[in-house]
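The lines below spell out each chain.
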Amino acid sequence: MLWRPGKDKAKARSTERLPPGQKLVKGFPVLHEGPIPDFNAATWRFRVWGDVENPVKLSWAELNDLPKIAVTRDFHCVTTWSRYDNLWEGVSVKTMIDLARPRDTATHVLVHCYDSIDYTTNLPMGDFARDDNLLALRHDGAPLTPEHGGPIRLVVHHLYAWKSAKWVCGLEFLPADRRGFWEERGYHNRADPWLEERYSYQEKD
Ligand SMILES: Nc1nc2c(c(=O)[nH]1)N[C@H]1C(S)=C(S)[C@@H](COP(=O)(O)O)O[C@H]1N2
Ligand SMILES: [Mo]
């Protein structure tokens, strides 16, 4: 085989970017439990409730009128695939926080979805309220497809992808932690890919 310096350099760079135990994929795998839910723009509502000063209920049109951000980030699934350079566009979680005004006592968020398994995932405030986290409506320049959580999903780039809930419809602010769907089923509560926080038996405290 011919020696191709360009390719080797690219490989060295990509290794530094890949969290431990992960493999780079070129496509975009589809992974979820249960069937893809139907979306009805006329009846869909986005709700923010719980430990907040101003509970929020938004229609599809109202949500789409909110300001948008765009971020490009890598995406890491606990089943060991990673996908680089995903361009996500949508509504910043900071916008939802500004609208709902979580109380000082709110320490965690439980994210809710409109699928038939009632998928949830939990996040401490520090992992949720980051400038680059968003309710994504578009991926790589096109509307988010139903298999990837379209028309709207949460994206939390710095944690394993099960924290990036597809078909999202609600945020419940809580004064204590409450485990979500996978977190109750043996997956790690925090899910940092750089620390390989894959399973709950690895939790320290
Ligand atoms: N509602 C819902 N969101 C979900 C899941 C799910 O089963 N239901 N699976 C999670 C998991 S384990 C992964 S890896 C990512 C996969 O996102 P993708 O199918 O767009 O690649 O979605 C996450 N979000
Ligand atoms: Mo996953």
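Residues numbered from 1 in each chain as written. Chains lettered and ligands numbered in written order. Predicted model: local features only at pLDDT ≥ 70, side-chain atom pairs only at ≥ 80, totals over all residues. Heavy atoms only, no water.

**Student:** Tell me about the overall build of the chain, and please be specific about residues and values.
**Tutor:** A tally of helices and strands in the chain yields four helices and 11 strands. Dimensions of the chain, computed from C-alpha atoms along their principal axes, come out at roughly 60 × 40 × 30 Å. Per-residue burial for the chain yields a buried fraction of 49% across its 205 residues. Across the chain, the fraction of contacts at a sequence separation of at least 24, relative to all contacts at a separation of at least 6, is 68%. As displayed, the chain has an accessible area near 10500 Å², and 54% of this comes from carbon and sulfur atoms. (Helix = DSSP H or I, 4+ residues; strand = E, 2+ residues; numbered from the N terminus. Buried < 20%, exposed > 50% of the residue type's maximum accessible area, 1.4 Å probe, protein only. Contact = heavy atoms within 4.5 Å. Areas by Shrake-Rupley, 256 points an atom, 1.4 Å probe, with all protein chains shown as cover.)

**Student:** Explain the site of ligand 1 to me, and be specific about the residues and the numbers.
**Tutor:** Neighbouring ligand 1 are 21 residues; Pro 29, Glu 33, His 148, Arg 153 and Lys 166 lie closest to it. The separation between an oxygen atom of ligand 1 and a polar main-chain atom of Pro 29 is 2.7 Å. Between ligand 1 and the protein, one listed contact pairs an oxygen atom with a side-chain N or O atom of His 148 at 2.7 Å. For ligand 1, whose unbound accessible area comes to 530 Å², protein coverage reaches 97%. A majority-of-atoms criterion places ligand 1 in the largest pocket. Counted by class, the shell around ligand 1 contains 13 nonpolar, three polar and five charged residues. (Near = heavy atom within 4 Å. Polar contact = N/O pair within 3.5 Å; in protein donor to acceptor, adjacent residues only side chain to side chain. 1 Å grid on protein atoms, 1.4 Å probe; cavity = no way out; pocket = protein on both sides within 12 Å on 5 of 7 lines; lining within 4 Å. Sits in = over half its atoms within 2 Å of the grid points. Nonpolar A, V, L, I, M, F, W, Y, C, P; charged D, E, K, R; others polar.)

**Student:** Can you tell me about the pattern of salt bridges, naming the residues and giving the values?
**Tutor:** Taken as a whole and judged by the stated rule, the model has 16 salt bridges. Between Arg 17 and Asp 74 there is a salt bridge, with the nearest N and O atoms lying 2.6 Å from each other. In this pair, Arg 17 is assigned in helix 1 (residues 5–17) and Asp 74 in strand 4 (residues 69–76), connecting sequence segments 57 residues apart. One salt bridge in this structure joins Asp 132 and Arg 130, with 3.9 Å as the shortest N-O distance. Asp 132 sits in the buried class, given a relative accessible area of 12%. By relative accessible area, Arg 130 is classed as partly exposed at 31%. (Salt bridge = Lys/Arg side-chain N within 4 Å of Asp/Glu carboxyl O.)

**Student:** Could you give an account of the nonpolar core, naming the residues involved and the relevant values?
**Tutor:** Ranked by size, the top nonpolar core spans 40 residues in total, and within it Phe 46, Val 48, Leu 63, Met 96, Phe 128, Leu 171 and Phe 173 carry the most contacts. Where this core is concerned, the elements lending two or more residues are strand 2 (45–50), strand 3 (56–59), helix 2 (60–64), helix 3 (93–100), strand 6 (108–113), helix 4 (125–128), strand 8 (134–139) and strand 11 (168–174). With residues near it in sequence (within four places) discarded, Met 96 still touches Phe 46, Val 48, Leu 58, Leu 63, Leu 66, Val 91, Leu 135 and Leu 171. Judged by nonpolar contacts, the second largest core, of 11 residues, contains Val 71, Phe 75, Trp 81 and Val 155. (Core = buried A, V, L, I, M, F, W, Y, C linked by side-chain atoms within 4.5 Å.)

**Student:** Talk me through the packing of aromatic side chains; I want residue IDs and the actual numbers.
**Tutor:** Counted by the stated rule, this structure contains 18 aromatic pairs. Summarising the aromatic geometry, the rings of Phe 28 and Phe 75 are spaced 6.0 Å apart at their centres and angled 90 degrees between planes, so their arrangement reads as edge-to-face. In this pair, Phe 28 is assigned in the loop between strand 1 (23–24) and strand 2 and Phe 75 in strand 4, connecting sequence segments 47 residues apart. No difference in accessibility class separates Phe 28 from Phe 75, as the two residues are buried. For the ring pair Phe 75 and Trp 88, a centre distance of 5.7 Å and an interplane angle of 55 degrees mean the geometry is tilted. Placement of Phe 75 in strand 4 and of Trp 88 in strand 5 (residues 81–92) is noted, with a sequence separation of 13 residues between them. Of the two residues, Phe 75 and Trp 88, neither departs from the other in class, the shared state being buried. Through a chain of ring-to-ring contacts, the aromatic side chains of Tyr 119, Tyr 160, Trp 162, Phe 181, Trp 182, Tyr 187, Tyr 199 and Tyr 201 assemble into a single cluster. When the ring centre of Phe 28 is taken as reference, the NZ or CZ atom of Arg 83 above it lies at 4.8 Å. When the ring centre of Phe 181 is taken as reference, the NZ or CZ atom of Arg 185 above it lies at 3.8 Å. (Phe/Tyr/Trp six-rings, centres within 6.5 Å; stacked < 30°, edge-to-face > 60°. Lys NZ or Arg CZ within 6 Å of the ring centre and 35° of its normal.)

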